[in-house]
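Reading the structure
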Amino acid sequence: MKAIFRIGRKSRTAFAIAVAALVAGGTDAAAEAPQQRLPFRSGESATYQVKLGAISVGRGSLAITGLQTVRGQQVYHTVMTLQGGNALVRVNDRFESWIDTDGLFSRRFHQNQHEARFRRNRTYEFFPEERTFRRENGQTGTLPTNQPLDDLSFIYFARTLPLEPGATYTLPRYFKTDGNPVVLQVLRRETIEVPAGRFRTIVVRPVIRTDGLFGEGGRAEVFFSDDEHRIPVLIRSRVPVVGSLSMHLRSFRPGT
């Protein structure tokens, strides 16, 4: 099986959170504890073809590089990258999230984005028990939840949800208060073709209260494989300046 993940996002919102925030017009379901059997494991990795419209312009990746510890707590170290562009717009993004293996919430988040003229390089240390965070520049603040999720960890959390068509998940767990709630809308089932092959998928739409790839105006859609792995197979949206952006799965390696 192969998996794709979309990791290219634009201005202020990481491509990753988009995947996690899906909006559907159906029953309002509480997104609480994830399923006992996780759809991902350490060592999982996926690569993607990035397109602007119908033109291939770059590549992306999504991986769980291994198990680490943050302040004595075991975490999954996850990494998402996106490189590419054309003569007018270039993108070079890297997102990293350290996800608690027991609670599936974030304990650290790093974002390094170069998108056209936009630059951002930040690291957040989360202290969920105290509901506080600290940045690399010394800035501190309050978390809206004791189970915070960032742009990348949201993707992994979304994969643990049932994702039945017609369901709507309202998730007030984004680490920035003004980004809540993230809404996941499960739209339909659809079979699609990507470079990695033919996949039966579940289509979800993310809506978050911030600007960027998965903002309300982008009408983004994320196609998860309709199986126990819930692999992001295709991600597409409209991005300011860039236009129609999509990520197509090229290869997938399961974890161990």
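Starting afresh in each chain, residues are numbered from 1 along the sequence in its written order. Reporting in this predicted model follows two pLDDT cut-offs: at least 70 for local features of residues, and 80 or more for side-chain atom pairs to be given and counted; totals over whole chains, interfaces and linings ignore these cut-offs and use all residues. Excluding hydrogens and water, the side-chain values take into account all heavy atoms of the structure.

Turning to the overall build of the protein, a few remarks are in order. Per the secondary structure count, the protein includes two helices and 15 strands. Per-residue accessibility, obtained with a 1.4 Å probe over protein chains only, is compared with the maximum for each type, and a residue is labelled buried under 20%, exposed over 50%, and partly exposed between these values. The buried share of the protein, reckoned over its 256 residues, is 59%. Throughout, a contact is declared for two residues whenever any of their heavy atoms are within 4.5 Å. The long-range share in the protein, meaning contacts at least 24 apart out of those at least 6 apart in sequence, stands at 56%. Carbon and sulfur atoms provide 45% of the accessible area of the protein, an area that totals close to 10,900 Å². Only DSSP runs of H or I with at least four residues qualify as helices, and only runs of E with at least two residues qualify as strands; both kinds are numbered from the N terminus onward. Where accessible areas are quoted, they stem from the Shrake-Rupley method and a 1.4 Å probe; at the residue level, only the protein chains shown are allowed to cover.

The subject of this paragraph is the packing of aromatic side chains. Between 30 and 60 degrees the pair is tilted, below 30 it is stacked and above 60 it is edge-to-face, where a pair is any two Phe, Tyr or Trp rings, Trp via its six-membered ring, whose centres lie within 6.5 Å. Across all of its chains, the model carries nine aromatic pairs by this definition. On the numbers, 6.4 Å between centres and 40 degrees between planes, the contact of Phe 154 with Tyr 174 is tilted. Here Phe 154, found in helix α2 (residues 153–159), pairs with Tyr 174, found in the loop between β10 (167–171) and β11 (182–194); they are 20 residues apart in sequence, far enough to count as distant. Here Tyr 174 falls in the buried class, since its relative accessible area comes to 4%. Among the aromatic residues, those joined into a ring-pair cluster are Phe 109, Tyr 124, Phe 126, Phe 133, Phe 154, Tyr 174 and Phe 175. Geometry around Tyr 124 places Arg 135 over its ring, the cationic atom sitting 5.9 Å from the centre. The criterion is that NZ of a Lys, or CZ of an Arg, lies within 6 Å of the ring centre and within 35 degrees of the ring normal, and then a charge sits over that ring.

On to the environment of Gln 83, then. Note that Gln 83 resides in strand β4 (residues 73–85). A relative accessible area of 23% means that Gln 83 is categorised as partly exposed. Between the C-alpha atom of Gln 83 and that of Arg 59, which follows or precedes it by 24 residues, the distance is 5.6 Å. Those residues in contact with Gln 83, other than ones at most four positions away along the chain, are Val 57, Gly 58, Arg 59, Val 91, Asn 92 and Asp 93.

The next point concerns the pairing of strand β3 (residues 55–70). Pairing between strands is defined by DSSP: at least two bridges between them are needed. Where strand β2 (residues 45–52) and β3 come together, eight bridges link them in antiparallel fashion. Bridged to Thr 47 within β3 is Ser 61. The antiparallel pairing of β2 with β3 creates a hairpin that spans two residues between the two strands, and Gly 53 there sits at a positive phi of about 65 degrees. Both β3 and β4 contribute to a ladder of twelve bridges, which runs antiparallel. Paired with Ser 61 across the strands is Thr 81, a residue of β4. Hairpin connection between β3 and β4: a loop of two residues separates the two successive antiparallel strands, and Arg 71 in this loop has a positive phi of roughly 50 degrees.

Between side chains of opposite charge, a pair can form when the charged atoms approach closely. One side-chain nitrogen of Lys or Arg within 4 Å of one carboxyl oxygen of Asp or Glu is enough to make a salt bridge. Counted under the stated rule, the structure contains 16 salt bridges. In this structure, the salt-bridge partner of Asp 226 is Arg 200, at a minimum N-O distance of 3.9 Å. Of the two residues, Asp 226 is situated in the loop between β13 (221–225) and β14 (232–239) and Arg 200 in strand β12 (residues 197–207); the sequence distance between them amounts to 26 residues. Taking the relative accessible area as the measure of exposure, Arg 200 reaches 59% and is therefore exposed. Three or more residues joined by partner-sharing salt bridges are found here, namely Glu 164, Arg 189, Arg 200, Asp 226 and Arg 230.

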